[in-house]
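Topology and contacts: notes
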Amino acid sequence: MSRRDFLKAAAVLGAAAAAGGLGTPRSALAQQQKAPTGATKRPIRILMGGYGPATTGFSLAMKRVGDRLKAKFGDEVDVKYVYNILDLGYRGDDILWLVEDGVLTLGYQSSSYFTERAPDVGIADLPFLFEDVQKARAAMDGRLGEVLTQRLEASFNYRILGYYENGFRHVSNKLRPIRTPADIKGMSIRVLPSKIQERTFQLLGAAPRIMDLSEAIAEVKAGTLDAQENPFFNTVTYGVHTFHKFHTATNHFYLSRPIFLHRPSFDAWPKALQDEMRAAVKESIVFQRDLHVKEEEDAQVAIRKEGGTIIELSPQEHAQFVRAVNPIFGEARNQYSREVLGLVGV
């Protein structure tokens, strides 16, 4: 048994024991769980987790939430953090079940990771949906975000309290500069677990591979993966910029990261704590989004300092990418309902 499998089995057994059912399958457990003891007795235990260093905007935003709760409730709450589950041998996608099974109280993850169980969430993965960050944020804070929350809560054992900004994504690679779709032809590229994202890069002529973050980092370091796509800040955070020289500001996807809580725990809390958690998360979203802008700027400096080049596409070059993926919108009309399509103007 691998270390990760052992950690996963141990965590599931612990969550099952806390829920009173050692023999219950995990999928059934999520539906049958009662609130763990730590969610009902004093102090109320709140364990927040992520998958990045403590210095990232996501971790700092999470800490901001905890600090506000401690300031409000003092010794009535016991707040702790696991900033980076990768350091404990978990994968990035493990955070979904770690929260759903009550091992963690709160987590965040890119929306693409939820699309297998909540297919409608994939609408947010469509390429080139938003012209700028203001329009993207308005959509996520408006009706699009409301519907995604409904779909997520219907499919997972969560309460969704908002969306952090992962932001616009760009392509980095080790082979050559990318200015047109022809330049990316044949490149192996890591994409998130999303059929929409996979199809997007197929249309661009690349060879997409759905991979977890931990797998992608390992293959980038080994030189067995040609390219990856991420905001500049993620590329630098995980050290990819030390292996990839060529970076193109494609802005092809805009992604958000739902902030999700273990539903039985949250629902068992006193209303005052629920309300304060909602307010704290809302405040932290503003903080994280503002910080994300600076993180992207600082990451570009780090890329250039490492000897990398960042290509800014001309309007004509950008239009070639948009045209290349246009068939995906016709396919989407056969996949999603009118209601969902209308949320993104398709």
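Everything that follows concerns the structure shown earlier in this document.
Reading the values: rules and limits
Residues numbered from 1 in each chain as written. Predicted model: local features only at pLDDT ≥ 70, side-chain atom pairs only at ≥ 80, totals over all residues. Heavy atoms only, no water. Helix = DSSP H or I, 4+ residues; strand = E, 2+ residues; numbered from the N terminus. Rg over C-alpha atoms; globule rule 2.2 N^0.38 Å. Buried < 20%, exposed > 50% of the residue type's maximum accessible area, 1.4 Å probe, protein only. Contact = heavy atoms within 4.5 Å. Areas by Shrake-Rupley, 256 points an atom, 1.4 Å probe, with all protein chains shown as cover. Salt bridge = Lys/Arg side-chain N within 4 Å of Asp/Glu carboxyl O. Lys, Arg positive; Asp, Glu negative; His and termini not counted. Polar contact = N/O pair within 3.5 Å; in protein donor to acceptor, adjacent residues only side chain to side chain. Core = buried A, V, L, I, M, F, W, Y, C linked by side-chain atoms within 4.5 Å. Pairing = 2+ DSSP bridges. Axes fitted to C-alpha atoms, helices over the stretch in contact; angles between N-to-C directions.

**Comments concerning the overall build of the chain**
Along the chain, the regular secondary structure elements total 15 helices and eleven strands. Taken over C-alpha atoms, the radius of gyration comes to 20 Å for the chain, in line with the 20 Å a tight globule of 346 residues would show. Taking the principal axes of the C-alpha coordinates as reference, the chain spans close to 60 × 45 × 40 Å. Scored against the burial criterion, the 346 residues of the chain give a buried share of 55%. Counting only contacts in the chain whose residues sit at least 6 apart along the sequence, the fraction spanning at least 24 positions is 74%. When the accessible area of the chain is evaluated, it comes to approximately 14600 Å², of which 52% is carbon and sulfur surface.

**Examining the pattern of salt bridges**
A pair can form between side chains of opposite charge whenever their charged atoms are brought close. Within this structure, the stated rule accounts for 25 salt bridges. For Arg91, the salt bridge goes to Glu215, with nearest N and O atoms at 3.1 Å. With Arg91 in the loop between strand E2 (77–82) and helix H4 (94–100) and Glu215 in helix H9 (residues 213–222), the pair connects residues that are 124 residues apart, well separated along the chain. Using a relative accessible area of 34% as the deciding quantity, one classes Glu215 as partly exposed. Taken together, the shared-partner salt bridges in this structure form one network comprising Asp120, Arg143, Glu146, Arg151 and Glu339.

**Regarding unusual backbone geometry**
Cis geometry marks the peptide bond from Arg42 to Pro43, where omega comes out at -5°. Relative to the assigned elements, Pro43 resides in the loop between helix H2 (26–32) and strand E1 (44–49).

**So, the side chain of Arg190**
Within the secondary structure layout, Arg190 lies in strand E6 (residues 188–191). Look at Arg190: it is buried, it has no salt bridge, and the nearest opposite charge is Glu229 at 5.3 Å. Engagement of the side chain of Arg190 in a polar contact is seen with the side chain of Tyr113, the distance being 3.1 Å. Not counting chain neighbours up to four residues away, the residues in contact with Arg190 comprise Tyr113, Arg169, Arg209, Met211, Asp212, Leu213, Ala216, Leu225, Ala227, Gln228, Glu229 and Asn230.

**Here we look at the nonpolar core**
The nonpolar side chains of a soluble globular protein tend to be buried with one another. Membership of the largest hydrophobic core comes to 88 residues, with the highest contact counts inside it found for Ile46, Met48, Ile123, Ile184, Phe201, Trp269 and Met277. Ile123 has contacts with Leu129, Leu144, Leu148, Tyr336, Val340, Leu341 and Val344, leaving out every residue within four places of it along the chain. In this structure, Phe233, Ala249, Ile303 and Ile310 belong to the second largest nonpolar core, which totals six residues.

**Considerations on the sheet that holds strand E11 (residues 309–312)**
With respect to topology, six strands assemble into an open sheet ordered E7-E6-E8-E5-E9-E11, the strand pairing being mixed. Every other strand in the sheet has two partners, leaving strand E7 (207–210) and E11 as the edge strands with one partner each. Ignoring which end each strand starts from, the neighbouring axes of this sheet average 25° apart. For E6 and strand E8 (residues 227–230), the ladder comprises two bridges, and the chain directions are parallel. Its bridge partner being in E8, Arg190 is matched across the sheet by Gln228.

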